Amino acid sequence: MSNRKDSGVNPDKTFDNFDVNIDNGSAYTITVDLAEKMGRISKPLYLSGPVGRGKSHLLQAMANLIMDSNDEIRVRYITIDSFDTDLYKALEEGKRDEFRSSFEDIDILIIDDISQVMKKMLSKNELFKIMKKHKEAGKLIIASDTLTLEELAMKGLPEGYIELFKGASKIEI
């Protein structure tokens, strides 16, 4: 089974075609370095910064580099909207357990625009359970948002989410 199957990663989003500029150059350099070391990193990564700086592209470029470097590492990139849509579809079809188990094989879970989960009660609870299980299994979680973790806490992201990122490497664009 290919490690790209159901990864949610756009294969066209690479470091090679990332538009590096003064606002995102440091984040670019750090994420390339981290992606190259991904098999040896276990603490969470959190990327924050304003819209349009390239957070989503960097996340997917990291995923592509990781998958290109190691066929054994399973990566899953999700946006909160896609997670929410997939969860509701699974519930409608009576496949909640299959939905949850689809995350069990994943070595690296990448969540884009994590603050959006605050608007989605069912998804907020489900994603937290998946992330907690993922972290307890010693697997890597990477997330991004326009808000920092501190700002997310002030805006009402449940403490459990913030705890999952305790000790995270933080990159601000």
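Keep in mind that what you see is a predicted model, and the values were worked out from it rather than measured.

## What about the pattern of salt bridges?
Turning to step 1, where the next piece is worked out: Here the structure, examined in full by the defined rule, presents 10 salt bridges.
Turning to step 2, where the next piece is worked out: Close ionic contact of Lys-120 with Asp-84 constitutes a salt bridge, the shortest N to O distance being 3.8 Å. Placement of the pair is Lys-120 in the loop between strand S3 (108-112) and helix H5 (121-136) and Asp-84 in helix H3 (residues 80-92), with a sequence separation of 36 residues.
Turning to step 3, where the next piece is worked out: According to the relative accessible area criterion, Asp-84 is buried, its value standing at 14%.
Turning to step 4, where the next piece is worked out: Of the charged contacts, one joins Glu-126 and Arg-100 as a salt bridge, the two residues approaching to 2.4 Å between their closest N and O atoms.

## Side note on the packing of H3 against H5
Turning to step 1, where the next piece is worked out: Running from N to C, H3 and H5 cross one another at 100°; their axes reach a closest spacing of 10 Å. Taken together, the axes of H3 and H5 are roughly perpendicular relative to one another. Taking contact as the criterion, the partners of Ile-80, Phe-83, Asp-84, Leu-87, Tyr-88 and Leu-91 in H3 are, on H5, Leu-122, Ser-123, Glu-126, Leu-127 and Ile-130.
Turning to step 2, where the next piece is worked out: Considering only residue class, the contact of H3 with H5 consists of 8 nonpolar, 1 polar and 2 charged.

## What about unusual backbone geometry?
Turning to step 1, where the next piece is worked out: One non-glycine residue, Asp-113, adopts positive backbone phi at about 60°.
Turning to step 2, where the next piece is worked out: Looking at the element boundaries, Asp-113 is found in the loop between S3 and H5.

## Examining the confidence of the model for the protein
Detailed reading of predicted coordinates is not advised where the pLDDT is low.
Turning to step 1, where the next piece is worked out: Model confidence for the protein is summarised by a mean pLDDT of 90, while 96% of its residues fall at 70 or above.
Turning to step 2, where the next piece is worked out: Taken element by element, the protein is modelled with least confidence in helix H1 (residues 25-36), mean pLDDT 87, and with most confidence in H3, mean pLDDT 95.

## Side note on the side chain of Asn-24
Turning to step 1, where the next piece is worked out: The topology assignment puts Asn-24 in the segment before H1.
Turning to step 2, where the next piece is worked out: Classification of Asn-24 by relative accessible area gives buried; the value is 2%.
Turning to step 3, where the next piece is worked out: A distance of 3.1 Å separates a polar atom in the side chain of Asn-24 from the backbone oxygen of Asp-19.
Turning to step 4, where the next piece is worked out: Apart from the residues lying within four places of it in its own chain, the contact partners of Asn-24 are Phe-18, Asp-19, Arg-53 and Ile-173.

## Considering the nonpolar core
Turning to step 1, where the next piece is worked out: Formed by 27 residues in total, the largest nonpolar core has its most connected members in Ile-111, Ile-114, Leu-127, Met-131 and Phe-165.
Turning to step 2, where the next piece is worked out: At the level of elements, H3, S3, H5, strand S4 (140-145), helix H6 (149-155) and helix H7 (159-164) are the ones that each hand at least two residues to this core.
Turning to step 3, where the next piece is worked out: Broken down by element, the residue count for this core peaks at 4 residues, all from H3.
Turning to step 4, where the next piece is worked out: Ignoring sequence-local partners within four residues, the contact set of Leu-127 consists of Ile-78, Ile-80, Phe-83, Ile-111, Val-117 and Tyr-161.
Turning to step 5, where the next piece is worked out: Within the second largest apolar cluster, 26 residues are counted, among which are Ala-35, Leu-58, Met-67 and Tyr-77.

Conventions we followed
- Residues numbered from 1 in each chain as written.
- Predicted model: local features only at pLDDT ≥ 70, side-chain atom pairs only at ≥ 80, totals over all residues.
- Heavy atoms only, no water.
- Salt bridge = Lys/Arg side-chain N within 4 Å of Asp/Glu carboxyl O.
- Helix = DSSP H or I, 4+ residues; strand = E, 2+ residues; numbered from the N terminus.
- Buried < 20%, exposed > 50% of the residue type's maximum accessible area, 1.4 Å probe, protein only.
- Axes fitted to C-alpha atoms, helices over the stretch in contact; angles between N-to-C directions.
- Parallel < 35°, antiparallel > 145°, perpendicular 65-115°, else oblique.
- Contact = heavy atoms within 4.5 Å.
- Nonpolar A, V, L, I, M, F, W, Y, C, P; charged D, E, K, R; others polar.
- pLDDT = per-residue confidence, 0-100.
- Polar contact = N/O pair within 3.5 Å; in protein donor to acceptor, adjacent residues only side chain to side chain.
- Core = buried A, V, L, I, M, F, W, Y, C linked by side-chain atoms within 4.5 Å.

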